[in-house]
Amino acid sequence: QSKADALTAATAAMTAFARPNLTEAEWWNGLLPHLSQEGAAAYEGTLPENIPVTAVTGDATVLEGATDVIVLVEVPTDAGAYVITLTRSDASQPWLAERIRPKQG
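Bear in mind that the values here come from a model prediction, so they are computed numbers and not experimental data.

Novice: So what about the sheet that holds strand β3 (residues 82-87)? Which residues, and what values?
Specialist: Pairing is antiparallel across the open sheet formed by 4 strands, whose spatial order is β1-β2-β3-β4. Of all strands in the sheet, those with a lone pairing partner are β1 (61-62) and β4 (96-102), marking the two edges. Bridge analysis of β3 against β4 gives 6 bridges, and the strand direction is antiparallel. Considered in β4, the bridge of Val83 is made with Arg101. Of the strands in this sheet, β1, β2 (70-75), β3 and β4 are in contact with helix α1 (residues 2-17), which crosses β3 at around 120 degrees.

Novice: Describe the nonpolar core, naming the residues involved and giving the relevant values.
Specialist: If you look at the biggest cluster of nonpolar residues, it comprises 26 residues, and the most contacted ones within it are Met14, Phe17, Leu86 and Ile100. Of all the secondary-structure elements, those providing two or more residues to this core are α1, α2 (24-31), α3 (37-43), β2, β3 and β4. Broken down by element, the residue count for this core peaks at 7 residues, all from α1. For Phe17, the contacting residues outside a window of four places in its chain are Trp27, Leu31, Tyr43, Ile51, Tyr82 and Ile100.

Novice: Describe in detail the side chain of Glu74, supporting the description with residues and values.
Specialist: Position of Glu74 among the secondary structure elements: in strand β2. In terms of polar contacts, Glu74 uses its side chain to reach the side chain of Lys103, at 2.9 Å. Apart from the residues within four sequence positions on either side, Glu74 is in contact with Asp59, Ala60, Thr61, Leu63, Ala81, Tyr82, Val83 and Lys103.

What counts and what doesn't
- Residues numbered from 1 in each chain as written.
- Predicted model: local features only at pLDDT ≥ 70, side-chain atom pairs only at ≥ 80, totals over all residues.
- Heavy atoms only, no water.
- Pairing = 2+ DSSP bridges.
- Helix = DSSP H or I, 4+ residues; strand = E, 2+ residues; numbered from the N terminus.
- Contact = heavy atoms within 4.5 Å.
- Axes fitted to C-alpha atoms, helices over the stretch in contact; angles between N-to-C directions.
- Core = buried A, V, L, I, M, F, W, Y, C linked by side-chain atoms within 4.5 Å.
- Buried < 20%, exposed > 50% of the residue type's maximum accessible area, 1.4 Å probe, protein only.
- Polar contact = N/O pair within 3.5 Å; in protein donor to acceptor, adjacent residues only side chain to side chain.

Structural data, given as structure tokens:
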């Protein structure tokens, strides 16, 4: 169930992130519920028009090395694959996005 929850959380975060056509306030208000405190600090002030992604294009996959409190999920997009770092304080908490970045290499 934890893996399924992580896939759902990563896809939801990427979908909220991939909306460069929104105003800054609309974009932020849509993304904020999907972010951890660290994620919120990292993405506050982001200009949505600078985001190259506009759509999730396939199913997310959990990458190797997941634990009960951190997991990396790869999400395919129209601008290439992105890796979402999800965190939570313990296994009873929801997954939240800490980093959303293009896959390297």
